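Structural overview for review
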Amino acid sequence: MSVAFRRDGDEEHLEPKFEVPIPPGPNLVTQRGLEMIQSRINELTAKVAELSEETALNTAKRDLRYWRARLDTAKVQPEPSGAKAMFGCRVRFALDGKAREITVVGHDEAEPAAGRLAFTAPLARAVLGAQVGEFVDFNGREEAIEVLEIAAA
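Let me begin by describing the structure that accompanies this report. (Residues numbered from 1 in each chain as written. Predicted model: local features only at pLDDT ≥ 70, side-chain atom pairs only at ≥ 80, totals over all residues. Heavy atoms only, no water.)

**Notes on the pairing of strand 7 (residues 141–152)**
Our working definition: We treat two strands as partners when DSSP finds at least two bridges between them. Helix and strand definitions follow DSSP, with helices as H or I runs of at least four residues and strands as E runs of at least two, each counted in order from the N terminus.
Summarising the sheet, strand 3 (residues 89–95) and strand 7 pair through seven bridges and their orientation is antiparallel. By the bridge assignment for strand 7, Cys 89 is matched with Ala 152. Both strand 6 (residues 135–138) and strand 7 contribute to a ladder of three bridges, which runs antiparallel. Following the sheet pairing, Val 136 is matched in strand 7 by Ile 145. Joining the antiparallel neighbours strand 6 and strand 7 is a turn of two residues, in which Asn 139 adopts a positive phi near 60°.

**Things to note about the packing of aromatic side chains**
Which entries qualify depends on this criterion: Only rings of Phe, Tyr and Trp enter the pairing, Trp through its six-membered ring, and a pair is recorded when the two centres are within 6.5 Å. The plane angle decides the type: under 30 degrees is stacked, over 60 is edge-to-face, the rest tilted. The classification of residues rests on relative accessible area computed with a 1.4 Å probe and restricted to protein chains. Under 20% of the type maximum is buried, over 50% is exposed, and intermediate values are partly exposed.
In this structure the tally under the stated criterion is two aromatic pairs. Plain terms: the ring middles of Tyr 66 and Trp 67 are 5.0 Å apart, the flat faces sit at 85° to each other, and that makes the pair edge-to-face. Among the residues examined, Trp 67 registers a relative accessible area of 13% and is labelled buried. Note on Phe 87 and Phe 119: the rings are 5.7 Å apart at their centroids and 65° apart in plane angle, and the pair reads as edge-to-face. You can see Phe 87 sitting in the loop between strand 2 (74–76) and strand 3 and its partner Phe 119 sitting in the loop between strand 5 (116–118) and helix 3 (122–127), a full 32 residues away along the chain. By relative accessible area, Phe 87 is classed as buried at 12%.

**Focus on helix 2 (residues 54–73)**
Using the following cut-off: A helix's residues, less one, multiplied by 1.5 Å, set its expected span. In what follows, residue pairs with any heavy atoms lying within 4.5 Å of each other are defined as contacts. Nitrogen and oxygen atoms within 3.5 Å of one another constitute a polar contact, given that in protein one can donate a hydrogen and the other can accept it, and given that sequence-neighbouring residues count only through two side-chain atoms.
Given a rise of 1.5 Å per residue, 20 residues ought to cover 28 Å, and the 29 Å separating the end C-alpha atoms of helix 2 matches this to within 8%. Restricting attention to buried positions, one finds in helix 2 the residues Leu 57, Ala 60, Arg 62, Leu 64, Tyr 66, Trp 67 and Arg 70. Of the surrounding elements, those touching the buried residues of helix 2 are strand 1 (27–29), helix 1 (31–50) and strand 2. N-cap assignment for helix 2: the residue whose side-chain oxygen lies 3.2 Å from the backbone N of Thr 55 is Glu 53.

**So, the sheet that holds strand 7**
To be explicit about the condition: Lines fitted to C-alpha atoms define the axes here, with helix axes fitted over just the stretch in contact, and angles between the N-to-C directions of these axes take values from 0 to 180 degrees.
Across the sheet, which stays open at both edges, the five strands sit in the order 5-4-3-7-6 with mixed pairing between neighbours. Edge strands, defined here as strands with exactly one partner in the open sheet, are strand 5 and strand 6. For this sheet, the mean inter-axis angle between neighbouring strands, taken without regard to orientation, is 45°.

**A look at the environment of Ala 83**
Along the chain, the position of Ala 83 falls in the loop between strand 2 and strand 3. On a C-alpha basis, the gap between Ala 83 and Ala 130 in space is 8.9 Å, while along the polypeptide they are 47 residues apart. Beyond its immediate sequence surroundings of up to four residues, Ala 83 is in contact with Gln 131 and Ile 150.

**Quick notes on the environment of Ile 102**
Relative to the elements of secondary structure, Ile 102 occurs in strand 4 (residues 98–105). On the basis of relative accessible area, Ile 102 is assigned to the buried category, the value being 2%. As a C-alpha pair, Ile 102 and Cys 89 span 13 residues in sequence and 8.3 Å in three-dimensional space. Beyond its immediate stretch of four places on either side in the chain, Ile 102 contacts Cys 89, Arg 90, Val 91, Phe 93, Gly 115, Leu 117, Leu 123, Ala 124 and Val 127.

Rendered as structure tokens:
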């Protein structure tokens with residue numbers, strides 16, 4: 001029989017599983033973010049102990065490696081004072097005449113739909129360092145954002 005028609009197993013046809021990519025740069029976190037990482041590790045540790053199916057077990061182990069690496073590199077940032085927009089702050093601002101609000105957080109706790117943006121997101125970078133009443137440039141437009149309120153999250 002020709003080698004072209006021989007198949008030893010399905011493994012050669014499966015998609016390769018790569019490690020979960022770690023965002024570049026420092027792993028800045030809020031206290032809430034650190035607790036979220038620890039909680040995720042606890043969940044995955046329990047899940048790995050329960051799983052027996054190889055594919056699901058390997059996926060859970062891969063995710064656990066990611067979260068442990070994130071815990072090892074986490075740098076908890078100090079609580080913001082609220083005097084200016086910093087990591088961990090809730091910032092209310094006006095953009096194109098509409099009031100919006102974001103909280104600047106780390107990569108792993110970012111959830112844009114809930115208004116939690118990673119500190120590396122363009123909008124978060126634009127407001128970082130700004131004070132109430134200040135206008136900041138955004139998206140190539142000068143004074144596009146007016147900072148209305150800053151508070152600790």
